[in-house]
Amino acid sequence: MGKPCPWAVLVLCVVLVGSSAPCVAHRQPNFIVILADDVGWGDLGANWPETKETPHLDELAAEGTRFVDFHSAASTCSPSRASLLTGRLGARNGVTHNFAVTSVGGLPLNETTLAEVLREAGYSTGAIGKWHLGHHGRHHPNFRGFDYFFGIPYSHDMGCTDTPGYNLPPCPPCPQHATAARVARRDCYTEVALPLFENVTIVQQPANLSSLAVRYAQEAARFIQQASDSSRPFFLYLALAHVHVPLEVPSLPPPASGIYGAALSEMDTLVGWIKQVADSHAKGSTLLWFTGDNGPWAEKCELAGRLGPFVGAWQRQRGGSSAKQTTWEGGHRVPAVVYWPGHIPANRTSSALLSTLDIFPTLVALAGASLPLNRRFDGLDVSPVLFGWSDVGHKVLLHPNSGAAGRYGEIETLRLAQYKAFYTTGGALACDGSTGPAEHHQPPLIFNLDRDTQEQEPLDVASREYQAVLPAISRAYAQALEDITTDNITAADYSKDPAVTPCCSTQHVACRCQVPRAHPAMLDHRQDQRARWLCL
């Protein structure tokens, strides 16, 4: 991708018009959280020198602080996002596995989101990109604290499109006519097209994946500009489609880069432009936090990301993937960079044990707001670590089951300092088609990650090191489970009903429609009674 990105100039035009006025520093900082999808720890060049496609992210790391022991709160989409926005694990907030196209529920309504807290504190709040926390009724992001939403209600492989991109197995485009032959393929959605929302309105169905990155960049730039013009602090949650399959690349990638590398490069360019947009409006007043929702989706083979050294060798020897959906390091250790000129040290690398759970309490504290009452949080206010005053994060970090083994959301893996204990192990579906069967361990498998980043050789149960650390691990595990069971916990509604599937026109095959961008019409409630409550 040596040529300039075709949407870069467009973004600049949207952003820089009228931006010559000097920026006024807000008392409260602005926040931009960029969440990549299925990105590997090794997908950041600053983490893994073999990666060459991320010059903008590497520059962000050079101008900010890079966290090398940073973890997603779960190893799959919905639980990870729910935890980021609540600061609580799925065992507390009720979101333990992914929501479906037909899901009636979502993130429980009695859980308070980061957007709700910040909006109450005076922030303009926007969510752009993937939601995946419920789309029906009041689970929609506009009812969860976000003033503005532009994006898709779930993963972009959960509906057919006219631009299906690259996937394994490849999926067909949406049918054009009711008489068109349906091609049934594993993991492919062919009956309902992927919708693109602006607030509660479907503005395009099927969404055009070829232009989705452009539109996200435009809407993010517009949101930043409008919020800056209003003199209110803002919170932008930008949940990218990159680098989840299907991958959509603007042109045929060079052989050295490959399809995945081209998609990674496009994501990097998008992040670079968002940084430039933010700097042009409020440099020094905006904290930008880049990270990922979970590790690579290994069953997608060459279309999956890079684990770096965190290969989960013990599991690989027994079959299955040790990445997304697992509690091995490759499933939840993700890249993380925080940038805030004049506040967060530049060109610093921190080995503090941190998590996406920490985003909620940290931003709430920096905004001068208060955490919701009557509940406990798994995240920490890690602002001292961000500012370089400390390098101490979590003493104990819990890793919930995320699909590969054990019951969804249950805690059967934990980290204590450099030690990681598994009470259950298992491998997700791998590129070679293998899976690793669930195995329960009592006493637990314990790895010393300082010596064994590959998680290859657990400590010998009879060793002095194992016997010395086991009592502390057992106490920490028992205390963590008791803390959860005695908390104010909720349960998500995972019931399904085909009638809640987002559909802008039931009169057309695959719910096909397209509303002009300049005049986004609401659904025709008079002609289609069913549509009234699909999106509202």
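Values in this document were obtained by computation on a predicted structure and should not be read as measured data.

A. Structural view of the pairing of strand β8 (residues 234-239). Counting buried positions along β8 yields six of six residues, so the element is predominantly enclosed. Where burial is concerned, the two faces of β8 agree: the one with F234, L236 and L238 and the one with F235, Y237 and A239 are both buried. Note: strand β1 (residues 30-36) against β8, five bridges, orientation parallel. In the sheet register, L35 faces β8, and the bridge partner there is A239.

B. Local environment of the state of the cysteines. Taken as a whole and judged by the stated rule, the model has five disulfides. A sulfur-sulfur separation of 2.0 Å characterises the disulfide bridge that pairs C171 with C188. One disulfide, between C171 and C188, carries an S-S torsion of -85 degrees and so falls in the left-handed class. Here C171 is found in the loop between β5 (148-152) and β6 (196-198), whereas its partner C188 is found in the loop between β5 and β6, with 17 residues between them in sequence. Residue C504 pairs covalently with C513 via a disulfide, S to S 1.7 Å. Around the S-S axis, the bridge from C504 to C513 shows a dihedral of about -130 degrees and counts as left-handed.

C. Spotlight on the packing of aromatic side chains. As enumerated under the stated definition, the model contains 17 aromatic pairs in all. Relative to Y123, the ring of F31 lies with its centre 5.5 Å away and its plane at 5 degrees, an arrangement referred to as stacked. With F31 in strand β1 and Y123 in the loop between α5 (114-120) and β4 (124-130), the pair connects residues that are 92 residues apart, well separated along the chain. You can call Y123 buried: its relative accessible area is 0%. Centre to centre, the rings of F223 and F234 are 6.1 Å apart; their planes meet at 90 degrees, and the pair counts as edge-to-face. Of the two residues, F223 sits in helix α6 (residues 212-229) while F234 sits in strand β8, which places them 11 residues apart along the sequence. Taken together, the aromatic side chains of W131, F146, F235 and Y237 make up a single cluster linked through ring pairs. The ring of W297 carries K300 above its face, with NZ or CZ at 4.7 Å from the centroid. One Lys or Arg, K324, reaches over the ring of W297 and ends 4.1 Å from the middle of that ring.

D. Summary view of the nonpolar core. In this structure, I32, I34, L236, L238, I274, L288 and F290 are the most contacted members of the largest nonpolar core, which totals 53 residues. Of all elements in the fold, only β1, α2 (55-63), β5, α6, β8, α7 (258-282), β9 (286-292) and β10 (337-339) reach the threshold of two or more residues within this core. Among the elements that make up this core, the one with the highest residue count is α7 (10 residues). In this structure I274 touches I32, I34, A220, L238 and L288, once residues within four positions along its chain are discounted. Grouped together as the second largest cluster of nonpolar side chains are 50 residues, Y123, A127, V338 and I344 included.

E. Representation of the environment of T96 within the structure. When you line up the elements, T96 lands in the loop between α4 (90-93) and α5. Between the alpha carbons of T96 and P79 there is a distance of 5.3 Å; along the sequence they are 17 residues apart. Leave out the neighbours within four places in its chain, and T96 touches P79, G90, Y408, G409 and Y494. Side-chain polar atoms of T96 contact the side chain of H97, separated by 3.0 Å.

Calculation rules
- Residues take numbers from 1 onward in each chain, read along the sequence in its written order.
- Local features in a predicted model are, by the rule used here, given only for residues with pLDDT of at least 70; side-chain atom pairs are given and counted only at 80 or more, and totals for whole chains, interfaces and linings are based on all residues.
- Processing note: side-chain calculations cover all non-hydrogen atoms of the structure and skip hydrogens and water entirely.
- Accessibility here uses a 1.4 Å probe with only protein chains present; expressed as a share of the type maximum, an area under 20% marks a residue as buried, one over 50% as exposed, and anything in between as partly exposed.
- A helix here means a DSSP run of H or I that spans at least four residues, while a strand means a run of E at least two residues long, and both kinds are numbered starting from the N terminus.
- Paired strands are those between which DSSP finds at least two bridges.
- Disulfides are defined as cysteine sulfur pairs within 2.5 Å.
- Any two rings among Phe, Tyr and Trp, with Trp reduced to its six-membered ring, count as a pair given centres within 6.5 Å; such a pair is stacked if its planes are under 30 degrees apart, edge-to-face if over 60, and tilted if neither.
- For a Lys NZ or an Arg CZ to count as sitting over a ring, it must be within 6 Å of the ring centre and within 35 degrees of the ring normal.
- The definition of a nonpolar core used throughout is a set of buried Ala, Val, Leu, Ile, Met, Phe, Trp, Tyr and Cys residues joined through side-chain atoms within 4.5 Å.
- Throughout, a residue-residue contact means that at least one pair of heavy atoms, one from each residue, lies within 4.5 Å.
- Under the rule applied, a polar contact is a pair of N or O atoms within 3.5 Å (in protein, one hydrogen donor and one hydrogen acceptor; residues adjacent in sequence only if both atoms are side-chain atoms).

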